[in-house]
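Descriptive structure summary
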Amino acid sequence: MSSKTLLKPIFEAKNIVMDFQVQKSGGFFAGSSTLRALNDVSFTMYEGESLAVVGESGCGKSTLCRIAMRVHEPTSGSMTYQDMDVHNFETKADYKKYREKVQMIFQDPFSSLNPLHSIEYILSRPLKLYHGYKNKADLDMKINEILDTVGLVPAAEQKKKYPHQLSGGQKQRAFIGKVLAIGADVIFADEPTSMLDVSIRLGVLNLLNKMKLENKKSFLYITHDIATARYFSDRIIVLYCGHMVEWGEVNKVVQHPAHPYTQLLISAAPDPERETVAELKEKGRSEIQQWTPESKGCPFAPRCLKATDICLEVFPEAVEVDEGRFVRCNHL
């Protein structure tokens, strides 16, 4: 039995389905159709670990974050934080607790901070609202401590700056500092390094890793980059067209991918140790197909070299190929 099965999840999603109404081409009178962005997505998050969600653009990764942040209510399924229904809180106190304990780090650090306020003000607000800081000396000490933690030093100088005076990496560190000031335990990080220079991505990832290991923060790490997912995360979900196609312990999935789509992602990732040109094996160069509630079969079938007639008709059940690792494929 896996040790994870003995622990209580801090955050859990069960059978999430998310449908959107989209306008058909042809103008207003053409009507609308239903797009299924997520189909039967489930996961658990535990204290002090990172769960990566990887896949191509448009596969539903960011939609998961928006549901967790209550921007969208799922068509069906549920999300719970410490046994509280995320979309149906019983009291205002429960809602306030959730807003404090579950936060998000955005992809774009250039628009995530209010340009009208200094870093000192941005950090002081959550400390006052959520933690009752009133004494200026105590507040200054806590702000300096947070800035030291996220690597914005010297703190006395950095906290006086406004967002436009910081680089992209510094802005992201300042926003991470805000998340720490709020006191979040669960953090949804939506490609937090993708808009940063390559030279500073590792520094931000190391900061997040420190928060995970030393502060026991839990992360849902959204990315299209298999390499950073393997570096930062403990477990991984491979998402395609809103469907979970492979998931489990990150090293098992990355080193021995079983699903054809996971194999395609791995072969497309840069590898300095690879001596030959990566061979991307797929049927044509199809875009991710538009999935609807009426769609059937495996969503990857149009691009899969292994696909047969059954793949066009039957959505495969999840199969545990080794302990804790699951794959959805009709041809395992």
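Focus on the layout of surface pockets
In this model, the second largest pocket occupies a volume close to 290 Å³. If you trace the second largest pocket, you find 20 residues lining it, with S57, G58, C59, G60 and T63 closest to the centre. Mapped by element, the contributors of at least two residues to the lining of the second largest pocket are β2 (32-45) and α1 (61-68). Residues belonging to the lining of the second largest pocket are distributed by class as follows: seven nonpolar, nine polar and four charged.

Observations regarding the environment of G183
Inspection of the secondary structure assignment puts G183 in the loop between α6 (168-182) and β7 (186-190). Classification of G183 by relative accessible area gives buried; the value is 12%. Separated by 57 residues in the primary sequence, G183 and P126 have C-alpha atoms spaced 8.6 Å apart. Once residues lying within four places of it in the same chain are set aside, the contact partners of G183 are E100, K101, H131 and K217.

Considerations on the packing of aromatic side chains
Scanning the model with the defined rule gives twelve aromatic pairs in all. Taking 5.3 Å as the distance between ring centres and 75° as the angle between the ring planes, the aromatic pair formed by F11 and F188 counts as edge-to-face. Here F11 is found in strand β1 (residues 11-23), whereas its partner F188 is found in strand β7, with 177 residues between them in sequence. On the numbers, 5.7 Å between centres and 70° between planes, the contact of F106 with F175 is edge-to-face. Here F175 lies in helix α6 and F106 lies in the loop between β6 (102-105) and α3 (119-131), a separation of 69 residues in the sequence.

Comments concerning a nonpolar patch on the surface
A cluster of nonpolar side chains, contributed by V319, V321 and L332, occupies part of the molecular surface with about 230 Å² of accessible area. Tracing the backbone through its elements, the reader meets V321 in strand β11 (residues 318-322).

Let's talk about unusual backbone geometry
A cis amide bond links V153 to the next residue, P154, at an omega of -5°. By secondary structure assignment, the location of P154 is in the loop between α4 (136-150) and α5 (155-158). Its identity is not glycine, yet N15 carries a phi of approximately 55°, on the positive side. Note that N15 resides in strand β1. Its identity is not glycine, yet Q82 carries a phi of approximately 45°, on the positive side. With respect to the element layout, Q82 can be found in the loop between β4 (76-81) and β5 (84-85). Relative accessible area serves as the criterion here: at 36%, Q82 is assigned to the partly exposed category.

Things to note about the pairing of β4
Two elements, β1 and β4, share five bridges in a ladder whose sense is antiparallel. Within β4, the position partnered with V17 by the bridge is S76. Where β4 hands over to β5, the hairpin turn is made up of two residues, of which Q82 adopts a positive phi near 45°.

Parameters at a glance
Residues numbered from 1 in each chain as written. Predicted model: local features only at pLDDT ≥ 70, side-chain atom pairs only at ≥ 80, totals over all residues. Heavy atoms only, no water. 1 Å grid on protein atoms, 1.4 Å probe; cavity = no way out; pocket = protein on both sides within 12 Å on 5 of 7 lines; lining within 4 Å. Points joined across faces, edges and corners; volume = space filled by probe spheres on them. Helix = DSSP H or I, 4+ residues; strand = E, 2+ residues; numbered from the N terminus. Nonpolar A, V, L, I, M, F, W, Y, C, P; charged D, E, K, R; others polar. Buried < 20%, exposed > 50% of the residue type's maximum accessible area, 1.4 Å probe, protein only. Contact = heavy atoms within 4.5 Å. Phe/Tyr/Trp six-rings, centres within 6.5 Å; stacked < 30°, edge-to-face > 60°. Patch = residues over 30% accessible without salt bridge, like charges linked within 9 Å, V, L, I, M, F, W, Y side chains within 5 Å. Areas by Shrake-Rupley, 256 points an atom, 1.4 Å probe, with all protein chains shown as cover. Salt bridge = Lys/Arg side-chain N within 4 Å of Asp/Glu carboxyl O. Pairing = 2+ DSSP bridges.

Purely geometric numbers; function is a separate question.
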